[in-house]
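# Architecture at a glance
The lines below spell out each chain.
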Amino acid sequence: TRVAKFNNSGTFQSSFGSFGAGNGQFDYWMEGGIAIDASGNIYVTDAAHRRVQKLSSSGRFILAFGTPGTGNGQFADNGQSPYGIAVDSAGNLWVADQGNNRMEIFDSGGNYLRQFSVTNPFGMANDGNGNVWVASVLSVQELDTSGNVLQAFGSWGSGPGQFEFDTGIALSTQ
């Protein structure tokens, strides 16, 4: 029900948010993703309320966007959308709309820009080169800013190189 901030050595800094459906509030189990932009603003997906909330680095509510549905800028009403979120090199937000099998891209003000078809997107990470990596139930994909798949790997299963419901991804510079 809250967002907690820690420094690089793991020391607690602050927390904000509470349980509920209001501004700056979150459902206790449905926060799916967090991303931070170059200005330090924090974006939190709140699947229980089908929205993304933008908060300042100190946790002050700035804005929310998204409603239930299948249209542009809307998120599936399935309890799992929106889920993952990443900020690309241009400062745009990539949001996983798992229930509608797509990635939706918004500007930092929450305005809908475009979308790409991706099967069951969940977790995301920006690689710093403008590309976004997406973890879906079936595979991991690297997408460029136009939504083109640059590479994909993995398949459904429990063997080497296979995934069973992968929902998160992290990238290393090494």
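Quick look at the structure, then. (Residues numbered from 1 in each chain as written. Predicted model: local features only at pLDDT ≥ 70, side-chain atom pairs only at ≥ 80, totals over all residues. Heavy atoms only, no water.)

### Quick notes on the overall build of the protein
- On a plain count of helices and strands, the protein comes out with zero helices and 18 strands.
- A compact globule built from 174 residues would reach a C-alpha radius of gyration of about 16 Å, and the protein, at 15 Å, matches this within 12%.
- On the principal axes, the C-alpha backbone points of the protein span a range of 40 × 40 × 30 Å.
- Carbon and sulfur atoms provide 46% of the accessible area of the protein, an area that totals close to 8,300 Å².
- Across the protein, 8 positive and 14 negative side-chain charges occur, with their mean positions spaced 11 Å apart. (Helix = DSSP H or I, 4+ residues; strand = E, 2+ residues; numbered from the N terminus. Rg over C-alpha atoms; globule rule 2.2 N^0.38 Å. Areas by Shrake-Rupley, 256 points an atom, 1.4 Å probe, with all protein chains shown as cover. Lys, Arg positive; Asp, Glu negative; His and termini not counted. Charge placed at Lys NZ, Arg CZ, Asp CG, Glu CD.)

### Some thoughts on the pattern of salt bridges
- One pass over the structure, following the stated rule, counts four salt bridges.
- For Arg51, the salt bridge goes to Asp46, with nearest N and O atoms at 3.0 Å.
- Take Arg51: its relative accessible area is 8%, and that puts it in the buried class.
- For Glu104, the salt bridge goes to Arg102, with nearest N and O atoms at 3.4 Å.
- A relative accessible area of 6% places Arg102 in the buried class.
- Linked by salt bridges that have partners in common, Asp97, Arg102 and Glu104 make up one network. (Salt bridge = Lys/Arg side-chain N within 4 Å of Asp/Glu carboxyl O. Buried < 20%, exposed > 50% of the residue type's maximum accessible area, 1.4 Å probe, protein only.)

### Topic: the sheet that holds strand E13 (residues 121–126)
- Spatial strand order, E13-E14-E15-E16: four strands in an open sheet with antiparallel pairing. In this open sheet, the two edge strands, each paired with only one partner strand, are E13 and strand E16 (149–153). Ignoring which end each strand starts from, the neighbouring axes of this sheet average 20 degrees apart.
- In terms of strand pairing, strand E15 (residues 140–143) meets E16 through four bridges, oriented antiparallel. (Pairing = 2+ DSSP bridges. Axes fitted to C-alpha atoms, helices over the stretch in contact; angles between N-to-C directions.)

### Some words on unusual backbone geometry
- Located in the positive-phi region is Arg50, a residue other than glycine, with phi close to 55 degrees.
- Of note, Asn101 is a non-glycine position whose phi angle comes to about 50 degrees, a positive value.

### With respect to the environment of Gly22
- Mapped onto the secondary structure, Gly22 falls in the loop between strand E3 (18–19) and strand E4 (25–26).
- Its relative accessible area of 26% is what places Gly22 among the partly exposed residues.
- Sequence separation between Gly22 and Asp88 is 66 residues, and the spatial gap between their C-alpha atoms is 27 Å.
- Setting aside its immediate chain neighbours within four residues, Gly22 contacts Arg51 and Gln53. (Contact = heavy atoms within 4.5 Å.)

### Section: the packing of aromatic side chains
- As enumerated under the stated definition, the model contains seven aromatic pairs in all.
- Taking 6.1 Å as the distance between ring centres and 80 degrees as the angle between the ring planes, the aromatic pair formed by Phe106 and Tyr112 counts as edge-to-face.
- The class for Tyr112 is partly exposed, based on a relative accessible area of 27%.
- Linked through ring pairs, Phe65, Phe75, Phe106 and Tyr112 together constitute an aromatic cluster. (Phe/Tyr/Trp six-rings, centres within 6.5 Å; stacked < 30°, edge-to-face > 60°.)

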